[in-house]
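Take a look at the letters that make up each chain.
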Amino acid sequence: RELPDPARHGPVRREAMSRIARATARNMQFAWSEIPHAWVQEEIDITALEALRQRLKRAARAELPLTVTAILCRVVALALARFPVFNSVLDSTTEELVYRDYVNIGVAVDTPRGLVVPCLRAVAGKSALQIGEELKAISARAVAGKLLGEDFQGSGFTISNLGGIGVSGMFPLVNWPEVAILGVASSRERCVLANGSASNRLIMPLTLGFDHRVINGADAARFLGFIRECIEEPGMLLIHA
């Protein structure tokens, strides 16, 4: 469709899109046109998890890369093992699902050149601290523009955390050929009434986007519910290790 000429109505200027922006635009256009998207949302109480995270950092007396994103990568790896369809690929030509027997997770990183999604490999079996170390290293390379082509390949699930920017919610698009993505919004303190008493709790909104050809709403709810269980009761991570 031909673009209406905006210069008819006043001064304009043109700026070439960056290589990353062009690639992102193509991928998002394809994902939106190819995948019938659906979303489910949860508000997760991370009060206990954040208190534990801060205690561990103080006990270490050092800067630990034990970020919420690293912990979410660990939890998602556990969830993918329990719900393997979320780590599958739809082969629409043969109408088959191809299940990955490995867990690679793409993590969106904000850089001066745009949003990129490098891949963390073999996440299953690694601790949140190990994942945090790898995430810190690959994020630094992303910001410095030193990622290689293979750094973007092989992910089976993506996590996009915009909490640091302060958004209250998001509806992420699935990163084809993956079938699901987890969007993380900003954690905020909220007064919550439970068992007749009010208390301030730290609440983190999560949104699970998924390919509705592969995943139904009930399975998406169970997947997100498992993540909520692990996050709200950090001791569950020991049970599911």
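Refer to the structure printed above.
Residues numbered from 1 in each chain as written. Predicted model: local features only at pLDDT ≥ 70, side-chain atom pairs only at ≥ 80, totals over all residues. Heavy atoms only, no water.

Helix length check: helix H2 (residues 47-60), at 14 residues, gives a terminal C-alpha distance of 20 Å against a target of 20 Å (1.5 Å per residue), a fit within 8%. Buried residues belonging to H2 abut helix H3 (68-82), strand S11 (197-211) and helix H5 (217-232). (Helix = DSSP H or I, 4+ residues; strand = E, 2+ residues; numbered from the N terminus. Expected span 1.5 Å × (residues − 1). Contact = heavy atoms within 4.5 Å.)

Turning to the pattern of salt bridges, a few remarks are in order. With the rule as written, the count across this model stands at ten salt bridges. Of the charged contacts in the structure, one is a salt bridge between Asp45 and Arg201, with a shortest N-O distance of 2.8 Å. Taken as a pair, Asp45 in strand S1 (residues 37-45) and Arg201 in strand S11 lie far apart in primary sequence, 156 residues in all. The partner of Arg222 in a salt bridge is Asp219, and the shortest N-O contact between them spans 2.9 Å. Separated by three residues within a single helix, Arg222 and Asp219 lie in helix H5, roughly one turn from each other. For Arg222, a relative accessible area of 47% gives the class partly exposed. (Salt bridge = Lys/Arg side-chain N within 4 Å of Asp/Glu carboxyl O. Buried < 20%, exposed > 50% of the residue type's maximum accessible area, 1.4 Å probe, protein only.)

Put simply, Trp176 and Pro177 share a cis peptide bond, and its omega is 10°. For Pro177, the location among the structural elements is in the loop between strand S8 (157-161) and strand S9 (180-184). For Glu95, which is not a glycine, the phi torsion comes out positive at approximately 55°. Overall, the relative accessible area of 73% leaves Glu95 in the exposed class. One non-glycine residue, Ala122, lies in positive phi territory at about 50°. Examined against the element boundaries, Ala122 turns out to sit in the loop between strand S7 (119-120) and helix H4 (128-143).

Scanning all chains against the criterion turns up zero disulfides. Cys73 supplies the cysteine sulfur nearest to Cys119, a cysteine that is in no disulfide, at a spacing of 10 Å. (Disulfide = S-S within 2.5 Å.)

What follows concerns the packing of aromatic side chains. This structure, assessed with the given rule, holds seven aromatic pairs. Look at Phe30 and Trp176: their rings are 4.9 Å apart centre to centre, the planes differ by 75°, and that puts the pair in the edge-to-face class. On the criterion of sequence distance, the pair formed by Phe30 in helix H1 (residues 19-34) and Trp176 in the loop between S8 and S9 is long-range, its members being 146 residues apart. Put simply, the rings of Phe83, Phe86, Phe157, Phe223 and Phe226 pair up and form one aromatic cluster. (Phe/Tyr/Trp six-rings, centres within 6.5 Å; stacked < 30°, edge-to-face > 60°.)

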